[in-house]
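# Structural overview for review
Residues per chain, in single letters:
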Amino acid sequence: MELTEWVVISGKGGTGKTSITAAIAARCGSLVMTDTDVDGANLELVLSARQIFETRFEGRRKAVINPSLCQACGKCADECRFEAIFPAAVRADRGVIMRVDTDACEGCGLCARICPAEAIIMKKTNGGTWRHSETPFGHLFHARLEPGGENSGKLVSLLRQEARKFAEEQGIPLLLTDGPPGSGCPVIATLTGASQVLLVTEPTPSGRSDAERVAELCRHFRRPVSLVVNKFDLHLKMAAEIEAWARSCDITVVGRLPYDPVVSAAVRLGVPVPTLPPSPWGEALSEMASRLAFPRSSIRKT
Amino acid sequence: MIGSKRGLKIAVASGKGGTGKTSVAVSLALAVRKTGRSVQLIDADVECPNAHHFLNLDRRESISVEVMLPRIDPSRCNLCGECAKFCSYQALAMLSDRVMLFPDMCHGCEGCWVICPCSAIEKGAQEIGRILCWTTDGFELLQGRLNVGQVLTPTLIRRLHSMADETRNRFDLTIVDCPPGTACPMMAAVRGADGLLLVTEPTTFGRHDLELALAAVRRFKLPAEVIINRSIGDDGIIDDLCRSRAIPIIERFPEDRKIAVAYSEGHPMIEAGSDWAERYSSLRKHLDRAWS
């Protein structure tokens, strides 16, 4: 079975990725969803998700100093390129106390390796959890990165792998992934190996420049891109310019969606837009979704 | 009053993306600047930097930010494999006849260089991004831009902060426009701030991510205040959360299509009309009282 994975990304946050993902899902007959915005996962909130499985995710290793062995020679602090170790206090009984800033520690392990007193160990941290849930529209794989946590790229890869495995077992040919904002580590982990990218943008200077950055990233990883301009009627001229730019770099323009209060109303109600009475946004979305190259068996017959 | 002590740093963050962080940060900077005080604005959303779109500034400088990238001298390498075994990021792999480097995976910790028993590793460099600097009278914008395909977001943000710290004392106020999310980039951006303004919206998405952001920044023990953007009158969903955490809501900006249109034309909230200028003046007055 050929598995197709569409990933929805945008660069800029708040352009409508999650609302669009949920709406596409509600129109489909059969699919598996993944939410790779692991440090702000919202798709579950509009899909009435019911969790059926949850497990821990191992976070990055962090340096831990054993104060009773530490001689406070300062070698670790000198060598740490992340400025994560520093002398924190001076105590009359024990001298200088070295401390690790766990937010800054990137877990390279150099301090533990070079410490002459062998006072530093690398300790595994709690990275958060990942979950498998049922929704009325299909199964959902999502996660909750430990707040302030790291390794989001690894968590994204793990989620996508689990979703893929499940889809293969169930014979479901379509994966739909709601991606994170930005253009860094979790976005790259979302793009790697995906079949198609749906790039959501809006006609604002930020939306446009972020779309350009993310399109460059997709080109870098050789992923085919389709573009949708959300809230296009906020600035018709810029919407047209973005579409012209997209065509000039081989991006397929699959549609434009209006600025419509129905989108925030649906979020408030916790449902996908297509479950509400017909709306301009809902209709434009349907039209757009019909242009996406989905496997035939995933499309609901209406 | 802001400026009574130089070098005050306020971070504008949110959790959820697209709640209006950049527009609030820029508007607040302009509101304080209007009173004659000097402002440094740091755009720490290095994966998607946008603050410059809303300001009319001439660029002055662009500085390259590099991290160390190992360069292996095959004539000295004895293929012991220590470097590949040490590397926590799988940036080095041992082949039968050489060590292979994956530059995209390297975090620039320099560990391989430190531990190599035969000094076969030299320090090369790779650019992870750039810092752009715009300066006008009493105003400075420092913006980090991560190179496309690079992943060392927190490293670039830390360098951006170090650079901003060099000139911070020349300004009455420093404002940090943080990246969305609640992971390491946001933590790196908030680090070193004296206070936090959290911009959210009255939806389940806004609440969910605000709650995560509060959990993430708890360990910084910073004074935090919330601004509700796109308020629709009933913000109960955010009110409940803030009440339970004893975090004051200092402003409710109404949902207004005018703002969305102004934003699409490159204007921050404060420039969307006299009513919005008034709102920012009152926000600025509040912060003057709260941050004296």
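Provided above is the structure to which this section pertains.
Residues numbered from 1 in each chain as written. Chains lettered and ligands numbered in written order. Predicted model: local features only at pLDDT ≥ 70, side-chain atom pairs only at ≥ 80, totals over all residues. Heavy atoms only, no water.

Further remarks concern the overall build of chain B. Broken down by element type, chain B carries nine helices and 11 strands. Viewed in the frame of its principal axes, chain B has a C-alpha envelope of about 70 × 40 × 35 Å. Here chain B, with 292 residues, has 61% of them falling under the buried criterion. Counted over contacts in chain B with a minimum sequence separation of 6, partners at least 24 positions apart contribute 75%. Accessible area for chain B stands at about 11,200 Å²; split by element, carbon and sulfur atoms hold 48% of it. Mean positive and mean negative side-chain charge positions of chain B (36 and 36 charges, respectively) differ by 4 Å. (Helix = DSSP H or I, 4+ residues; strand = E, 2+ residues; numbered from the N terminus. Buried < 20%, exposed > 50% of the residue type's maximum accessible area, 1.4 Å probe, protein only. Contact = heavy atoms within 4.5 Å. Areas by Shrake-Rupley, 256 points an atom, 1.4 Å probe, with all protein chains shown as cover. Lys, Arg positive; Asp, Glu negative; His and termini not counted. Charge placed at Lys NZ, Arg CZ, Asp CG, Glu CD.)

Below, the discussion takes up the packing of aromatic side chains. Enumeration according to the criterion identifies seven aromatic pairs over all chains in this entry. Taken together, Phe-53, Trp-130, Phe-141 and Phe-166 of chain A form an aromatic cluster joined through their ring pairs. Against the face of Trp-113 of chain B rests Lys-123 of chain B, its NZ or CZ located 3.9 Å from the ring centre. (Phe/Tyr/Trp six-rings, centres within 6.5 Å; stacked < 30°, edge-to-face > 60°. Lys NZ or Arg CZ within 6 Å of the ring centre and 35° of its normal.)

This next bit is on the packing of helix H6 (residues 205-220) of chain A against helix H7 (residues 236-248) of chain A. Residues and elements named next belong to chain A. Close contact between H6 and H7 brings their axes to 11 Å; oriented N to C, the two are set at 10°. Looking at the two axes, H6 sits roughly parallel to H7. Each of Pro-205, Arg-208, Ala-211, Glu-212 and Ala-215 in H6 lies in contact with H7, whose residues at this interface are Met-238, Glu-241, Ile-242 and Trp-245. The residue makeup of the contact of H6 with H7, split by class, is six nonpolar, no polar and three charged. (Axes fitted to C-alpha atoms, helices over the stretch in contact; angles between N-to-C directions. Parallel < 35°, antiparallel > 145°, perpendicular 65-115°, else oblique. Nonpolar A, V, L, I, M, F, W, Y, C, P; charged D, E, K, R; others polar.)

What follows covers the pattern of salt bridges. All names here are of chain B. Tallying each qualifying case throughout the model produces 44 salt bridges over all chains. Between Asp-194 and Arg-168 there is a salt bridge, with its nearest N and O atoms 3.6 Å apart. Placement of Asp-194 in the loop between helix H5 (184-190) and strand S9 (195-200) and of Arg-168 in the loop between helix H4 (153-167) and strand S8 (173-177) is noted, with a sequence separation of 26 residues between them. A relative accessible area of 15% places Arg-168 in the buried class. For Arg-279, the salt bridge goes to Asp-275, with nearest N and O atoms at 3.8 Å. (Salt bridge = Lys/Arg side-chain N within 4 Å of Asp/Glu carboxyl O.)

Quick look at the side chain of Ser-152 of chain A now. Residues and elements named next belong to chain A. Structurally, Ser-152 is set in helix H4 (residues 152-170). Residue class for Ser-152 comes out buried when judged on its relative accessible area of 6%. With near-sequence residues (within four places) excluded, Ser-152 lies in contact with Val-38, Leu-145, Cys-185 and Pro-186.

Listed by partner, the interface residues are 58 residues for chain B and 56 residues for chain A. Where chain B touches chain A, the interface holds six salt bridges. Residue Arg-113 of chain A is joined to Glu-82 of chain B by a salt bridge in which the shortest nitrogen-to-oxygen separation is 2.8 Å. One can count 30 residue pairs in polar contact (both at pLDDT 80 or more) joining chain B with chain A. When contributions to the side of chain B that touches chain A are tallied by element, the ones reaching two or more residues are helix H2 (82-86), helix H3 (111-115), H4, H5, helix H6 (204-217) and helix H8 (257-264) of chain B. Per-element tally for the side of chain B that touches chain A: the top contributor is H6 of chain B, with seven residues. (Polar contact = N/O pair within 3.5 Å; in protein donor to acceptor, adjacent residues only side chain to side chain.)

All told, the structure shown has zero disulfides over all chains when counted by the stated rule. Not engaged in a disulfide, the cysteine Cys-218 of chain A finds its nearest cysteine sulfur in Cys-249 of chain A; these two sulfurs lie 11 Å apart. The thiol of Cys-242 of chain B is unpaired, and the distance to the nearest cysteine sulfur, on Cys-178 of chain B, comes to 17 Å. (Disulfide = S-S within 2.5 Å.)

All names here are of chain A. Pairing is mixed in the open sheet, where nine strands are placed in the order S3-S8-S9-S2-S10-S1-S11-S12-S13. On the outer flanks of this sheet lie strand S3 (50-58) and strand S13 (252-256), each paired with one strand and no other. Strand after strand, the sheet turns through a mean of 20° between neighbouring axes, direction not considered. Sheet topology note: the strand S2 (residues 32-35)/strand S10 (residues 174-178) ladder contains four bridges and is parallel. Opposite Asp-35, over in S10, you have Asp-178 as the bridge partner. Relative to the sheet, H4 contacts strand S1 (4-9), S2, S3, strand S8 (126-135), strand S9 (138-145) and S10, its axis offset from that of S9 by approximately 165°. (Pairing = 2+ DSSP bridges.)

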